[in-house]
Amino acid sequence: CGPGNNGGDGLVAARHLTLFGYDCTVVYPKQSKQQHFVNLVKQMEDVGVTILEEMPPEAKEGNYVAIVDAIFGFSFKGEGGIREPFGTIITDMIASQGKGDGSGTSIISVDVPSGWDVNGGDGGTGFMPDVLISLTSPKLSSKKFTGRHFVGGRFLPPAIAEKYGVSMPPYEGLQQVWEP
């Protein structure tokens, strides 16, 4: 998880996945000191989530079922490259991925794959996650994404969607997730 809002989404996801019975480990090398993030870390600790500062060797070798990529979000610019330790973590995620044969780890990116420009796509990392979960609505960079894509959440009030011309997904009933 990164130090910003995308990282916060990852912290919340880890807590929820743990409450659903999954064994989660969070790699959070640059923890934010903002109270909101301190609270999120405490909530994870309270449910038994392991928090590490670097990728464990077994993750680098593709021995995890899935990795949730929540390092950088839509505000990532990438000028001057990806700062460490995040560049190494993205490289480790790429190395852990399967080769299309069912092996390796599935990478699930939150909102925008880390290292991607929100409008332009991959910023030169060669990173292509297996799954993308766009929050509220797809970002322009999702047009360059080739994996399985979901849109999640009904977070945008209709008046705001109308004001900014955002076309919301056709959620049915109580659904919170839509697959284009």
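Before reading on, note that the structure itself is shown above.
Residues numbered from 1 in each chain as written. Predicted model: local features only at pLDDT ≥ 70, side-chain atom pairs only at ≥ 80, totals over all residues. Heavy atoms only, no water.

Details of the packing of helix H1 (residues 5-19) against helix H2 (residues 35-46)
Using the following cut-off: Axis geometry follows a simple rule: fit a line to the C-alpha atoms, using only the stretch in contact for helices, then measure angles between N-to-C directions, giving values from 0 to 180 degrees. Comment: elements are numbered from the N terminus, with helices defined as DSSP H or I runs of at least four residues and strands as E runs of at least two. Should an angle fall under 35 degrees it is taken as roughly parallel, and over 145 as roughly antiparallel, whereas 65 to 115 is taken as roughly perpendicular and any remaining angle as oblique. With the far helix as reference, a near helix turned anticlockwise by less than a right angle produces a left-handed crossing, and one turned clockwise produces a right-handed crossing. The contact rule is simple, with two residues in contact once any of their heavy atoms fall within 4.5 Å. Gly falls in the polar group here, along with every residue not listed as nonpolar (Ala, Val, Leu, Ile, Met, Phe, Trp, Tyr, Cys, Pro) or charged (Asp, Glu, Lys, Arg).
In the contact formed by H1 and H2, the axes pass within 9 Å of each other and the chain directions differ by 20°. Here H1 lies roughly parallel to H2, going by the angle between them. You can see that H1 and H2 cross each other, and the crossing is left-handed. Here Asn5, Gly8, Leu11, Val12, Ala14 and Arg15 of H1 come into contact with H2, specifically with Phe37, Leu40, Val41, Gln43 and Met44. The residue inventory of the contact of H1 with H2, partitioned by class, reads seven nonpolar, three polar and one charged.

Some details on the side chain of Ser109
For Ser109, the position within the fold is in strand S4 (residues 106-110). Residues contacting Ser109, with those up to four places away along its chain left out, are Asp69, Phe127, Pro129, Val131, Leu132 and Ile133.

The values are spatial; any link to function lies outside them.
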